[in-house]
Amino acid sequence: GNSVTQMEGPVTLSEEAFLTINCTYTATGYPSLFWYVQYPGEGLQLLLKATKADDKGSNKGFEATYRKETTSFHLEKGSVQVSDSAVYFCALYQGGKLIFGQGTELSVKP
Amino acid sequence: EAGVAQSPRYKIIEKRQSVAFWCNPISGHATLYWYQQILGQGPKLLIQFQNNGVVDDSQLPKDRFSAERLKGVDSTLKIQPAKLEDSAVYLCASSAGSSGGASSYNEQFFGPGTRLTVL
């Protein structure tokens, strides 16, 4: 069945460091791919999305490229801020269902 | 625009007790979802409503969980009796229109969740 695997956390970075959170998926066909973010005490929010191969989603300085050949959708940001501390979820949408990875906690220190 | 509202935010009960969660979706959103998020895991869909009809409840443990969405607006999720393994955050989400079809995604907006602890 469809599934999403993320790199394990927690990830701890210093402010202005480069961020990569790996995400790979298993699915038939061409699912849509998403990154959601969950700030402390808040609900999940859609961060970015890509709906077809080679699409690049971007928002708030974060980027992710839909790589069909490697079934990946890695999240990147060139310079993280303390305010980026949150839990990040990779997800795929197919067959009417949204399937999430296990989440990666990011902690950014000043 | 108000977001998805959930209550209570926290609940602690003993095993074999019953508990209910309430969700008020974004106004006008036809589709409502309940997810279970166990610590260290991603959210897992329990049930999806389209207006007041059930679209998918294949992952709902029907021997102890029930959900309803009367009048196609608010929804309640009930657990009776609760087990230790039901400890989790229960998330409600809503979207405009349906989320059916492989290529058609209507963004889901999530509430803050209810954290349930079963002792």
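Just above, that's the structure.
First things first, this report covers the structure right here in the doc. Remember, predicted model here, so these are calculated numbers, not experimental data.

The next point concerns the pattern of salt bridges. Residues and elements named next belong to chain A. In the structure shown here, the tally under the stated rule is 6 salt bridges over all chains. When the shortest N-O distance is used, the salt bridge between D55 and K52 registers 3.3 Å. We note a salt bridge from D84 to K77, for which the minimum N-O separation is 2.8 Å. With a relative accessible area of 6%, D84 lands in the buried category. On the accessibility criterion, K77 (9% relative accessible area) is buried.

Applying the stated criterion across every chain yields a total of 2 disulfides over all chains. Across the disulfide, C23 of chain A is cross-linked to C90 of chain A (sulfur-sulfur distance 2.0 Å). Given an S-S torsion of about -70°, the disulfide between C23 of chain A and C90 of chain A has left-handed geometry. One end of the pair, C23 of chain A, is in strand β4 (residues 23–26); the other, C90 of chain A, is in strand β10 (residues 86–94), with 67 residues separating them in the sequence. The disulfide bridge from C23 of chain B ends at C92 of chain B, spanning 1.9 Å between sulfur atoms. When the S-S torsion is -70°, as for the bridge of C23 of chain B with C92 of chain B, the disulfide is left-handed. Of the two residues, C23 of chain B is situated in strand β3 (residues 19–24) and C92 of chain B in strand β9 (residues 88–95); the sequence distance between them amounts to 69 residues.

Rules and cut-offs
Residues numbered from 1 in each chain as written. Chains lettered and ligands numbered in written order. Predicted model: local features only at pLDDT ≥ 70, side-chain atom pairs only at ≥ 80, totals over all residues. Heavy atoms only, no water. Salt bridge = Lys/Arg side-chain N within 4 Å of Asp/Glu carboxyl O. Buried < 20%, exposed > 50% of the residue type's maximum accessible area, 1.4 Å probe, protein only. Disulfide = S-S within 2.5 Å. Helix = DSSP H or I, 4+ residues; strand = E, 2+ residues; numbered from the N terminus.

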